[in-house]
Amino acid sequence: MPDEIHPAYPAWRAALSDTAPVGFGLVPLGLAFGVLMVQSGFAWWWTPVFSVLVYAGSLEFLMIGLVLAATPLATIAVTTFLVNFRHVFYALSFPLHVVRGPLRRTYAMYALTDETYAVVATRAPGALSGARVLWIQVLCQAYWVGGGILGALVGSLLPDVPGLDFALTALFAVLAIDAFRATRDVPAPLLAVGCAIVAQLVAPGQMLVVAMTGFVALLVGRYLLTEGRRDGGSAGGGGARPSGSGPALGDPATEGRDA
Amino acid sequence: MPETGYLLAALLTTLVVTFVLRAAPFLVVERLRESRIVGWLGARMPVGIMVILVVYTLRGTSFTTAPHGLPEAIALVATVGLHLWRRNALLSIVGGTLLYAGLLALLG
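Not measured: the values here are computed from a predicted model.

Caption draft 1: Layout of the overall build of chain B. The secondary structure content of chain B amounts to five helices and zero strands. When the helices and strands of chain B are placed in sequence order, the string is α-α-α-α-α. For chain B, the proportion of its 108 residues judged to be buried stands at 48%. Carbon and sulfur atoms make up 68% of the accessible area of chain B, which amounts to about 5300 Å² in all.

Written as structure tokens, this is what we have:
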């Protein structure tokens, strides 16, 4: 653990350099979010309220439209569940065990965003101390909330600029490329494009639900056809196993014991 | 503008659901970590989810009326190109967004 080997080098300094590239993405996006908030009619201080309570960048952008349309809370809950469902996978490789104390652990889980996951989970196991992990998360939230407040304050002085919401599309595209670089698995994004287009054509009102469920189902199917067979452990189990999004969370326990 | 009470209830709803999604898996993480399929899925989920969200944010684009989704297509290609080239999220996001806003002003 570098910052423990060199106690003179504080964890926050290390975290500052860890998060610099992500900050370059988070600050301007926070700015765009703040601008969009005031241009949508919100007082500037709603921006930090959104950024602290929701604290999931993509969902915050979606929430502007949802609350302006007076969307029922149940729909908001379902939307949140679907948009943020990917976060359940982050627990697999996020080193929460290095973070000590119930308050710190609670914050570490609350602040487990795409960006902090990307910074923390790409390091070698054991490379980061608990303090450094927490500082990475605190700094990421500071970039996001700070950028949002700045955007909301400056944005109220600016005229309406159509097209700023493209920052959300650009962010997802950038995160997709970064995620692809981590795995270099070509079929996954291709399956996702197919699912997204089909879902948009078949069920435009429930596009996210249908696309993400279909995508996970196809991934599970692909695993069972290729990796599962290679594994040997699930021989004969492939046909009997029901496909769908459920097994993604239901099967792992048994799958793990088999392997 | 929505009422403050409704707004806070909506934001708290997202807070609770998001926290549960982020925290609950840690309760079973030791069992999950040994699972090969979840590790395999976890490695491939992020790219797909991001791609689906890209399509989702562009779902309002009309291809049948002018400018036929041209600003979206050009700005997306520019964003991806910038990111493949420079690997700088700031440059990619701001560059793509400014280009899109400019194209809207020109073609929209």
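That covers the picture; the talk isn't over yet.
Caption draft 2: Region of interest: the overall build of chain A. Regarding its fold elements, chain A presents 15 helices and zero strands. Within chain A, residue pairs in contact and separated by at least 24 positions form 73% of the contacts whose partners lie at least 6 positions apart. Put simply, chain A shows about 11100 Å² of open surface, and 69% of that area lies on carbon and sulfur atoms.

Caption draft 3: Layout of helix α6 (residues 102-110) of chain A. Along α6(A), the residues classified as buried are A108(A), M109(A) and Y110(A). Buried-residue contacts for α6(A) involve α3 (46-53) and α8 (130-155) of chain A together with α1 (4-27) of chain B.

Caption draft 4: Representation of the packing of α6(A) against α8(A) in the model. All names here are of chain A. Across the interface, α6 lies against α8 with an axial gap of 10 Å and an inter-helix angle of 50°. Relative to α8, α6 is oriented oblique. Of the two elements, α6 crosses α8, and the hand of that crossing is left-handed. Where α6 approaches α8, its residues R104, Y107, A108 and Y110 are matched on the opposing element by L134, Q137, V138 and Q141. Looking at the contact of α6 with α8, its residues break down into five nonpolar, two polar and one charged.

Caption draft 5: Spotlight on the interface of chain B and chain A. Residue-level contacts link 70 residues of chain B with 93 residues of chain A. Interface area for chain B against chain A, summed over the two sides, is near 7500 Å², with a carbon-plus-sulfur share of 80%. Where chain B touches chain A, the interface holds two salt bridges. When the shortest N-O distance is used, the salt bridge between E227(A) and R36(B) registers 3.3 Å. Counting across the interface, chain B meets chain A through 14 residue pairs in polar contact (both at pLDDT 80 or more). Those elements that provide at least two residues to the side of chain B that touches chain A are α1, α2 (29-33), α3 (36-57), α4 (70-86) and α5 (89-107) of chain B. Among the elements that make up the side of chain B that touches chain A, the one with the highest residue count is α3(B) (22 residues).

Caption draft 6: Focus on the side chain of T14(B). By secondary structure assignment, the location of T14(B) is in helix α1. The exposure class assigned to T14(B) is buried, which follows from its relative accessible area of 0%. Excluding anything up to four places from it in sequence, T14(B) contacts L53(A), V54(A), L59(A), M63(A), I76(A) and T80(A).

Caption draft 7: Representation of a nonpolar patch on the surface within the structure. Residues and elements named next belong to chain A. Where nonpolar side chains cluster on the molecular surface, the patch consists of W44, W45, L150, L153 and V154 and spans about 480 Å² of accessible area. On the secondary structure map, W44 appears in the loop between α2 (11-39) and α3. Its relative accessible area of 40% is what places W44 among the partly exposed residues.

Caption draft 8: Focus on unusual backbone geometry. Residues and elements named next belong to chain B. With an omega of 0°, the peptide bond between A66 and P67 qualifies as cis. Structurally, P67 is set in the loop between α3 and α4. The phi torsion at H68 lies on the positive side, around 60°, for a residue other than glycine. On the secondary structure map, H68 appears in the loop between α3 and α4. Here R87, not a glycine, exhibits a phi torsion of approximately 55°, which is positive.

Caption draft 9: Spotlight on helix α10 (residues 187-202) of chain A. All names here are of chain A. Here α10 spans 22 Å end to end across 16 residues, near enough to the 22 Å set by a 1.5 Å rise per residue. Of the positions making up α10, those classed as buried are A188, P189, A192, C195, A196 and A199. End-on view of α10: buried residues confined to an arc of 120°, all on one side of the axis. For α10, exposure combined with an orientation more than 90 degrees from the buried face picks out L190, L201 and V202.

Caption draft 10: Highlighting the pattern of salt bridges. Taken as a whole, this structure holds five salt bridges over all chains when the rule is applied. Between D18(A) and R132(A) there is a salt bridge whose closest N-O contact spans 2.8 Å. On the criterion of sequence distance, the pair formed by D18(A) in helix α2 and R132(A) in helix α8 is long-range, its members being 114 residues apart. Given the relative accessible area of 8%, D18(A) is considered buried. Residues participating in the shared-partner salt-bridge network are D185(A), R222(A) and R44(B).

Caption draft 11: Structural detail: the confidence of the model for chain B. Residues and elements named next belong to chain B. In this model, chain B carries an average pLDDT of 88, and 94% of its residues clear a pLDDT of 70 or more. The lowest-confidence element of chain B is α2, averaging 65 in pLDDT; the highest-confidence one is α4, averaging 95. Scored as a complex, the prediction yields pTM 0.69 and ipTM 0.86.

Caption draft 12: Inspection of the side chain of D18(A) at higher detail. A distance of 2.8 Å separates the side chain of D18(A) from the side chain of R132(A), its partner in a polar contact. Beyond its immediate chain neighbours, meaning those up to four positions away, D18(A) contacts V119(A), R123(A), L128(A), R132(A) and I136(A).

Definitions and cut-offs
Residues numbered from 1 in each chain as written. Chains lettered and ligands numbered in written order. Predicted model: local features only at pLDDT ≥ 70, side-chain atom pairs only at ≥ 80, totals over all residues. Heavy atoms only, no water. Helix = DSSP H or I, 4+ residues; strand = E, 2+ residues; numbered from the N terminus. Buried < 20%, exposed > 50% of the residue type's maximum accessible area, 1.4 Å probe, protein only. Areas by Shrake-Rupley, 256 points an atom, 1.4 Å probe, with all protein chains shown as cover. Contact = heavy atoms within 4.5 Å. Axes fitted to C-alpha atoms, helices over the stretch in contact; angles between N-to-C directions. Parallel < 35°, antiparallel > 145°, perpendicular 65-115°, else oblique. Left-handed = near helix turned anticlockwise from the far one by under 90°. Nonpolar A, V, L, I, M, F, W, Y, C, P; charged D, E, K, R; others polar. Buried area = accessible area lost by both parts, 1.4 Å probe. Salt bridge = Lys/Arg side-chain N within 4 Å of Asp/Glu carboxyl O. Polar contact = N/O pair within 3.5 Å; in protein donor to acceptor, adjacent residues only side chain to side chain. Patch = residues over 30% accessible without salt bridge, like charges linked within 9 Å, V, L, I, M, F, W, Y side chains within 5 Å. Expected span 1.5 Å × (residues − 1). Arc of directions from axis to C-beta. pLDDT = per-residue confidence, 0-100.

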